[in-house]
Amino acid sequence: MAGASRVRQRPTLPPPDTPPDNGAGILEDGRSSSIAFQGGLSAGTVYAATSGADARSFAVVVPAYNEGLVIGSVVLLAQKHVDRVIVVDDGSTDRTAETARLAGADVIEMPENGGKAKAMMAGFARARDLGYEAVVMLDGDGQHDPNDIPAVVAPVLAGEADLVIGSRFLDAGAEIPAYRRAGQVVLNGFTNLSTDGGFATTDSQSGFRALSRQALDNLTFASEGYTIESDMIAHFAPLGLKMTEVPISVTYDVPHKHKKNPVTHGFGVLARIVELIGHRRPLLFFGIPGGAIAFLGIGLGIYTFSELFRIGQFHYVMFTLGITALILGLLLISSGLILNFLVSMMGHRANEA
């Protein structure tokens, strides 16, 4: 944990005989307080909103970067369903923080833009600090419908799941661009390969999720930028946390459609998922490519000798390529077997500990 952050109530007009506020951090009961965020995060200033009379048992965490046009609506709509809305202003240069505060949200102001993962971890830390047993994460760009919050959080509140993913692809009527569907199929496939459990997601990149207290207490992984969604699934699966999906609606008619080039974003997430596969399932990561390359080498060798017997001509280039491919393939398979054995041994020792 790095740095402390100060907690304030939203400013109110003091009684006539009350001296001006000296800026000290206070909680609702008047005690001074501070929080720190996991993962080496920069400290952010927290402005605490007072809870409404109709309190629910969970909070919503909303990461936002330059969403001043829509964040107020997101907060107001979410407040109908939750006890508290925590907006993490990720170094915005517009009035995102001010608008969210006026709408009634707790606002964590990060000193600079650090990416979605850092913003989410800061929000989760705040929710844990407040003692919530469940948290919903919701994007701040207006793509998600806050009225879906009860459906997303229901399995967590019922004790049936630790992570609930709101899937855009379970809604048959969802209007999702074709390029997003195609990219998501690839990312889903690789994400599912990176997990050690039996859970298979249909929307690995969905930012609309619900987490139980157990999930909040196990956010012990490092993540950067927009890879937090896949990292979360890959981290929770081997821990035995229960995961499920529910359908949600989505709209892409929002002011800020893309904060990052979708191609760059997709390849960045894919690279991270491939890294996870190599770390968690080395036999799959090295063995399958190694087997394919070895078979290619064998095929080139068979072709070379068949041509020699058929026309009496020896293809030296093809033979050299075949031998090289066969050796490389066998090396990859051997590496996969060795690394898989080491991963299995480490897993057994961790379970015994």
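What counts, and at which threshold
Residues numbered from 1 in each chain as written. Predicted model: local features only at pLDDT ≥ 70, side-chain atom pairs only at ≥ 80, totals over all residues. Heavy atoms only, no water. Axes fitted to C-alpha atoms, helices over the stretch in contact; angles between N-to-C directions. Helix = DSSP H or I, 4+ residues; strand = E, 2+ residues; numbered from the N terminus. Parallel < 35°, antiparallel > 145°, perpendicular 65-115°, else oblique. Contact = heavy atoms within 4.5 Å. Nonpolar A, V, L, I, M, F, W, Y, C, P; charged D, E, K, R; others polar. Salt bridge = Lys/Arg side-chain N within 4 Å of Asp/Glu carboxyl O. Buried < 20%, exposed > 50% of the residue type's maximum accessible area, 1.4 Å probe, protein only. Phe/Tyr/Trp six-rings, centres within 6.5 Å; stacked < 30°, edge-to-face > 60°.

Asker: Tell me what's going on with the packing of helix 3 (residues 116–129) against helix 7 (residues 228–236), and back it up with residues and numbers.
Answerer: At a minimum axis separation of 10 Å, helix 3 and helix 7 run at an interaxial angle of 60°. As summarised for this structure, helix 3 and helix 7 are arranged oblique, according to the angle between their axes. Where helix 3 approaches helix 7, its residues Lys116, Ala117, Met120, Met121 and Phe124 are matched on the opposing element by Ile228, Glu229 and Met232. In terms of residue class, the contact of helix 3 with helix 7 is built from 6 nonpolar, no polar and 2 charged.

Asker: Could you give me a rundown of the pattern of salt bridges, with the residues and numbers involved?
Answerer: For the structure shown, the criterion picks out 9 salt bridges. As a salt-bridge pair, Arg126 and Asp106 come within 3.0 Å of each other at their nearest N and O atoms. Of this pair, Arg126 sits in helix 3 while Asp106 sits in strand 6 (residues 106–109); the two residues are 20 residues apart in sequence, bridging distant segments of the chain. By the burial criterion, Arg126 is buried, and Asp106 matches it. Across the salt bridge formed by Asp139 and Lys116, the nearest N and O atoms sit 3.0 Å from each other. Separated by 23 residues along the polypeptide, Asp139 in the loop between strand 7 (134–137) and helix 4 (149–157) and Lys116 in helix 3 bring together distant segments of the chain. For the pair Asp139 and Lys116, a shared accessibility class is recorded, and that class is buried. What you see here is one network of salt bridges that share partners, running through Arg84, Asp106 and Arg126.

Asker: Talk me through the packing of aromatic side chains; I want residue IDs and the actual numbers.
Answerer: Under the defined criterion, the tally for this structure stands at 4 aromatic pairs. Judged by centre distance (4.8 Å) and plane angle (75°), the ring pair of Phe314 and Tyr316 falls under edge-to-face. Grouping aromatic residues by their ring pairs yields a cluster made of Phe305, Phe314, Tyr316 and Phe319.

Functional significance is not addressed by these values, which are geometric in nature.
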